[in-house]
Amino acid sequence: IIEKFGLKISESRLDFLLLLENVELVNPSYNWNLIKADPDDNKFVDGAVSGNVDYLDTNDKHFQELKEVHFPPINVISLAEFERIINER
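Cut-off values and rules
- Residues numbered from 1 in each chain as written.
- Predicted model: local features only at pLDDT ≥ 70, side-chain atom pairs only at ≥ 80, totals over all residues.
- Heavy atoms only, no water.
- Helix = DSSP H or I, 4+ residues; strand = E, 2+ residues; numbered from the N terminus.
- Buried < 20%, exposed > 50% of the residue type's maximum accessible area, 1.4 Å probe, protein only.
- Contact = heavy atoms within 4.5 Å.
- Areas by Shrake-Rupley, 256 points an atom, 1.4 Å probe, with all protein chains shown as cover.
- Core = buried A, V, L, I, M, F, W, Y, C linked by side-chain atoms within 4.5 Å.
- 1 Å grid on protein atoms, 1.4 Å probe; cavity = no way out; pocket = protein on both sides within 12 Å on 5 of 7 lines; lining within 4 Å.
- Points joined across faces, edges and corners; volume = space filled by probe spheres on them.
- Salt bridge = Lys/Arg side-chain N within 4 Å of Asp/Glu carboxyl O.

Undergrad: Explanation requested: the overall build of the chain in the structure shown.
TA: Scanning the chain from terminus to terminus reveals four helices and two strands. Traced from its N-terminal end to its C-terminal end, the chain shows the element sequence α-α-α-β-β-α. Overall, the chain is about 40 × 35 × 25 Å in size when its C-alpha atoms are taken along their principal axes. Considering the chain as a whole, with its 89 residues, one finds that 20% of them fall into the buried category. Look at the contacts in the chain between residues 6 or more apart in sequence, and 30% of them connect residues 24 or more apart. Surface accessibility of the chain: about 7100 Å² in total, with carbon and sulfur atoms responsible for 53%.

Structure (structure tokens):
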């Protein structure tokens, strides 16, 4: 976001998101490096593990590698699956 919109706008958006009750800022203390095909995607995996999320929702094919990883457990689902889960609640 910083590269596209600049630091000031990015910080403003982050500050807004952090006001939401279902948003938590996590700082991963460990880099798992589980995605080999696109290492840049690992920041999302590390955040998901650190945040102890229920789902990591993405349509990015590189995340399919995580289905072969048993530890740490990461439940990767598609955006359509996530939408279905949200609509069931």
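Undergrad: Explain the nonpolar core to me, please; I cannot follow it from the model alone.
TA: Nonpolar side chains tend to gather and get buried jointly when the protein is soluble and globular. Formed by Leu34, Ile35, Val45, Ala48, Leu56, Phe63, Leu66, Ile74 and Val76, the largest nonpolar core amounts to nine residues. Filtering out sequence-adjacent residues up to four positions away, Val45 remains in contact with Leu34, Ile35, Leu56, Phe63, Leu66 and Ile74.

Undergrad: Could you clarify how one ought to interpret the layout of surface pockets in this entry?
TA: Remark: the empty space left among the atoms is shown by a probe the size of a water molecule rolled over them. Of the pockets and cavities examined, the largest pocket occupies roughly 1200 Å³. Secondary-structure elements contributing two or more residues to the lining of the largest pocket are α2 (7–18), α3 (42–50), β1 (56–57) and α4 (79–88). With seven residues, the top contributor of residues to the lining of the largest pocket is α2.

Undergrad: Would you take a moment to explain the pattern of salt bridges for this structure?
TA: Two side chains with opposite charge may pair up if their charged atoms get near one another. In this structure the tally under the stated criterion is two salt bridges. Among the salt bridges present, the one from Lys43 reaches Asp40, with a minimum N-O distance of 2.9 Å. On the basis of relative accessibility, which here comes to 44%, the residue Lys43 falls in the partly exposed class. Note that Glu88 and Arg84 form a salt bridge whose closest N and O atoms lie 3.1 Å from each other. With Glu88 and Arg84 both in helix α4 and four residues apart, this pair spans about one turn of that helix. Assessed through its relative accessible area of 58%, Glu88 is described here as exposed. Given a relative accessible area of 45%, Arg84 falls into the partly exposed group.

Purely geometric stuff here, so don't read any function into it on its own.
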